[in-house]
Number of protein chains: 2
Amino acid sequence: MDQSIEGHRYRYRRPASCMTVSAHLFGILAIMLLLVWLLHYREGLDLESYNANRVFNVHPFLMFFGFIFMIGEAMMAYKTVGAERKVQKSIHMFIHFVAIVLGIVGLHAAFKFHEIKGLTNLYSLHSWIGIGTFSLFCLQWLFGLGTFMLSGASNETRARAAPWHVNGGRALLYMAICTALTGLMEKATYMGLRHQSEARLINFLAIAILLFGISVDLSVSLGRYV
Amino acid sequence: MDQSIEGHRYRYRRPASCMTVSAHLFGILAIMLLLVWLLHYREGLDLESYNANRVFNVHPFLMFFGFIFMIGEAMMAYKTVGAERKVQKSIHMFIHFVAIVLGIVGLHAAFKFHEIKGLTNLYSLHSWIGIGTFSLFCLQWLFGLGTFMLSGASNETRARAAPWHVNGGRALLYMAICTALTGLMEKATYMGLRHQSEARLINFLAIAILLFGISVDLSVSLGRYV
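Residues numbered from 1 in each chain as written. Chains lettered and ligands numbered in written order. Predicted model: local features only at pLDDT ≥ 70, side-chain atom pairs only at ≥ 80, totals over all residues. Heavy atoms only, no water.

Per an unreviewed UniProt entry, the recorded name for chain A is ascorbate ferrireductase (transmembrane), and the organism is Striga asiatica. Note on chain A: under the UniProt heading Cofactor (unreviewed entry), the record states "heme b". (UniProt positions renumbered as here; feature names shortened; annotations may be inferred.)

Caption draft 1: Up close: the UniProt feature "transmembrane region" (unreviewed entry) in chain A. All names here are of chain A. Under the UniProt annotation, "transmembrane region" (unreviewed entry) lies at residues 21–41, 61–81, 93–113, 125–150, 171–190 and 202–222. The span residues 93–113 carries 100% helix and 0% strand; its end-to-end C-alpha distance comes to 31 Å. This span, residues 125–150, is 96% helix and 0% strand, and a straight line between its end C-alpha atoms measures 36 Å. (Helix = DSSP H or I, 4+ residues; strand = E, 2+ residues; numbered from the N terminus.)

Caption draft 2: Broad picture of the packing of helix α4 (residues 85–117) of chain A against helix α5 (residues 125–149) of chain A. Residue and element names in this part refer to chain A. Where α4 contacts α5, the two axes come as close as 11 Å, and the packing angle between them is 155 degrees. Regarding the angle of α4 to α5, the classification is roughly antiparallel. Seen along the crossing, α4 lies across α5 with a hand that is left-handed. For the pair α4 and α5, the contacting residues are Lys89, Ser90, Met93, His96, Phe97, Ile100, Gly103, Ile104, Leu107 and Phe111 in the first and Ile131, Phe134, Phe137, Cys138, Trp141, Leu145, Phe148 and Met149 in the second. Per-class residue counts for the contact of α4 with α5 are 14 nonpolar, 3 polar and 1 charged. (Axes fitted to C-alpha atoms, helices over the stretch in contact; angles between N-to-C directions. Parallel < 35°, antiparallel > 145°, perpendicular 65-115°, else oblique. Left-handed = near helix turned anticlockwise from the far one by under 90°. Contact = heavy atoms within 4.5 Å. Nonpolar A, V, L, I, M, F, W, Y, C, P; charged D, E, K, R; others polar.)

Caption draft 3: Examining the interface of chain A and chain B more closely. Taken together, the contacts link 50 residues of chain A with 50 residues of chain B. Between chain A and chain B lies a buried interface of about 4600 Å² when both sides are counted; carbon and sulfur atoms form 72% of it. Taken together, the links from chain A to chain B amount to 2 salt bridges. Residues Arg170 of chain B and Asp217 of chain A are paired through a salt bridge, measuring 3.1 Å at the closest nitrogen-oxygen approach. For the side of chain A that touches chain B, the element with the highest residue contribution is helix α6 (residues 155–190) of chain A, accounting for 21 residues. Of the residues belonging to the side of chain A that touches chain B, the class tally is 30 nonpolar, 11 polar and 9 charged. (Buried area = accessible area lost by both parts, 1.4 Å probe. Salt bridge = Lys/Arg side-chain N within 4 Å of Asp/Glu carboxyl O.)

Caption draft 4: Representation of the environment of Glu186 of chain A within the structure. When you line up the elements, Glu186 of chain A lands in helix α6. Among the residues examined, Glu186 of chain A registers a relative accessible area of 16% and is labelled buried. If sequence neighbours within four positions are ignored, Glu186 of chain A has contacts with Tyr123, Ser124 and His126 of chain A together with Met185 and Thr189 of chain B. (Buried < 20%, exposed > 50% of the residue type's maximum accessible area, 1.4 Å probe, protein only.)

Caption draft 5: How the structure looks around the packing of aromatic side chains. The final tally for this structure, using the stated rule, is 21 aromatic pairs over all chains. Both rings, one in Phe64 of chain A and one in Phe212 of chain A, keep their centres 5.8 Å apart while their planes meet at 80 degrees; by these two values the pair is edge-to-face. Taken together, the residues Phe64 of chain A in helix α2 (residues 52–75) and Phe212 of chain A in helix α7 (residues 197–223) connect sequence positions 148 residues apart. Look at Phe212 of chain A and you get buried, because its relative accessible area is 0%. The interplanar angle of 75 degrees and the centroid separation of 5.0 Å between the aromatic rings of Phe67 of chain B and Phe137 of chain B together place this pair among those described as edge-to-face. Taken together, the residues span a long stretch of sequence, with Phe67 of chain B in helix α2 (residues 52–75) and Phe137 of chain B in helix α5 (residues 125–149) at a distance of 70 residues. The exposure classification of Phe67 of chain B matches that of Phe137 of chain B, with both residues buried. Through successive ring pairs, a cluster of aromatic residues spans Phe61, Phe64, Phe65, Phe69 and Phe212 of chain A. (Phe/Tyr/Trp six-rings, centres within 6.5 Å; stacked < 30°, edge-to-face > 60°.)

Caption draft 6: Main features of the side chain of Thr20 of chain B. Residue and element names in this part refer to chain B. Summarising the element assignment, Thr20 is placed in helix α1 (residues 3–41). A polar side-chain atom of Thr20 sits 3.0 Å from a polar atom in the side chain of Ser219. Those residues in contact with Thr20, other than ones at most four positions away along the chain, are Met76, Lys79, Thr80 and Ser219. (Polar contact = N/O pair within 3.5 Å; in protein donor to acceptor, adjacent residues only side chain to side chain.)

Caption draft 7: Structural detail: the pattern of salt bridges. All names here are of chain B. Inspection of the entire model under this criterion finds 10 salt bridges over all chains. The salt bridge partner of Arg42 is Glu198, with a shortest N-O separation of 2.9 Å. Here Arg42 is found in the loop between α1 and α2, whereas its partner Glu198 is found in helix α7 (residues 197–223), with 156 residues between them in sequence. Glu198 gets classed as buried once you look at its relative accessible area, which sits at 7%.

Written out as structure tokens, the structure is:
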């Protein structure tokens, strides 16, 4: 490799790590704002409660902390985990698996809330994009497992599949971010929130979630210049 | 360049163009669904009307057709315009400029609607993300103009700025998509739409907008392997 490319690569290593750090910070900020919202303004979280609102609250919490935050961290595992490639790959796969499990519990909370309240499932835009994203995500995970973890696929197949896996994964992260934002928008509009402090808290929470997504994306995409 | 890399590059040219074609198709589909919604279900579009709803309808139309669709097409200009690089660059810049102008008219329609109806501006999540995205987009345009069009910047500066310009632009596209989706979600929830055919039309419109964004993104990001 000639020296100018080496120098060029070195220059981009820092901004990409800077994005990884922002991703952690915005992710933790979003979790904190989410907890303030659910514990202080709403009635807390309990999947087994008779109070439908406490059951519902498990949904936004697990869909962000359990699903979106986890998939973001899993995407950055190749940068944040100081271990050999094989270990990084297993951690990448394992955190995504945890995200699927917690995501299923989070989805269950929304369906359970609808059942208690006698509401219909899956009519809103939020639910359509959400179900679509979650299903495609599970397919992407299975596709990744088959292509990159199990020994069947040749190196050539892996090289051909990699850009789709990486860029498709980034698109899925943005789909999940869109789902979270439409969910918060739906809830705030449904509750008629406008100028209350709760409305502003939800807006800041949504912005933190969006900035988490953008930072993860830039950490991965700028990292490809490293 | 060795032959295996040449072969490798060749292989990815097709999928990237395939994404460019899907982007055009989903973009046109979204414009058609948007027009069906605004002309058939709503009261049509007219910025100078005394009917507040007709003024409002200019907003979603111009923010998608005038802004999001244009920026997507501008991002893909390096692939779709069969001309030398300099011409492609000018077209890329010019379509983005058109998007800014039409975006300003689209934003004006929303403010005018609020004024007629006596509603407060800029309280919702949709408006916060929208204003943020539009402002950052204008900065990105000025930054691009200064760095890549005007002759002041050295080739080294351009090479350093390029990954930020490309990846930042992709993140801005997704921010715009998130804004569109929260806007449609807000409108549908506010109007209390659930099981009507209009509700379903809005959901399909939002999905077409999302798939347009994803196709443009993949066309650009997979295209970097070409």
